[in-house]
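# What the coordinates show
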Amino acid sequence: MRSSNRRRPAVSLTRHLGLVGMMGSGKTTVGHALARRLGRPMIDTDAEIVSAVGLSVAEIFSTHGEAWFRAKESEILSDCLRRESPVVISLGGGAVLAEHNRALLRSWADVVWLRASLATLTLRVGSGSGRPILAGDPVGVLTRLIEVRGPIYTEVATLIVDVDDRPTRSVVAEVVRLMATVRR
Ligand code: S3P
């Protein structure tokens, strides 16, 4: 609504904004809402790969393998980060595993980790369909990945926002509020 928009603090991105976190943490949904709020384009690395390759993520994993997918993911990420004006980027959950991706993010973006508990992730990913990494045992895999990736998300994050039991608009509002406090 117009009147409530007018009361919102003006926020403008000075750098790219990357959203990281586990599968099911809401990066894509929050990314779209955040991009609308900030008046910036939103790029989802998975969607970009799928559209460039013409196969689903699961098909890419089974046809070309994970390493091939990861190389494509790095390519897409570095293309996004080369853009001149700031964009919101929703990164696939494993994109931060590569040190060169983390280095690029550090150089060119502010990074928000959307942190979710195992219970939230389990609920959201369901049987794990469409996410080849989770195949067979979503809860077991998520449990292990939270342990392995937690320190990596911590390392790369400028800000951490907990998403458990929160609607998208509340997560977006917190990201916007915290972004204003980031000092460079
Ligand atoms: C992956 C996360 C997926 C996708 C691929 C691998 C991961 O993206 O990139 O299935 O390793 O965590 P989302 O985090 O958007 O589900």
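Keep in mind it's a predicted model, so treat the numbers as computed, not measured.

Once that is clear, we can look at helix α3 (residues 45-53). Owing to its 3.6 residues per turn, the α-helix aligns residues three or four sequence positions apart on the same side. Sitting at the head of α3, Asp44 places a side-chain oxygen 3.0 Å from the backbone nitrogen of Asp46. In the segment just after α3, Gly54 is the residue with positive phi, at about 80°.

Let us now look at the packing of aromatic side chains. For the structure on display, the rule yields two aromatic pairs. Geometrically, the ring pair formed by Phe61 and Phe69 is tilted, given 5.0 Å between the ring centres and 45° between the ring planes. The ring of Trp113 has Arg115 lying over it, and the distance from NZ or CZ to the ring centre is 5.4 Å.

Moving on: the site of the ligand. Lys27, Asp46, Arg70, Arg131 and Arg149 are the nearest of the 14 residues found near the ligand. One of the side-chain N or O atoms of Asp46 is found 2.6 Å from an oxygen atom in the ligand. Contacts to the ligand include Gly93, whose backbone N or O atom sits 2.9 Å from an oxygen atom. Relative to its unbound accessible surface of 390 Å², the ligand loses 95% to contact with the protein. Residue contributions to the shell around the ligand peak at three residues, all from helix α5 (residues 66-82). Residue composition of the shell around the ligand, by class: five nonpolar, three polar and six charged.

The rules we used
Residues numbered from 1 in each chain as written. Predicted model: local features only at pLDDT ≥ 70, side-chain atom pairs only at ≥ 80, totals over all residues. Heavy atoms only, no water. Polar contact = N/O pair within 3.5 Å; in protein donor to acceptor, adjacent residues only side chain to side chain. Helix = DSSP H or I, 4+ residues; strand = E, 2+ residues; numbered from the N terminus. Phe/Tyr/Trp six-rings, centres within 6.5 Å; stacked < 30°, edge-to-face > 60°. Lys NZ or Arg CZ within 6 Å of the ring centre and 35° of its normal. Near = heavy atom within 4 Å. Areas by Shrake-Rupley, 256 points an atom, 1.4 Å probe, with all protein chains shown as cover. Nonpolar A, V, L, I, M, F, W, Y, C, P; charged D, E, K, R; others polar.

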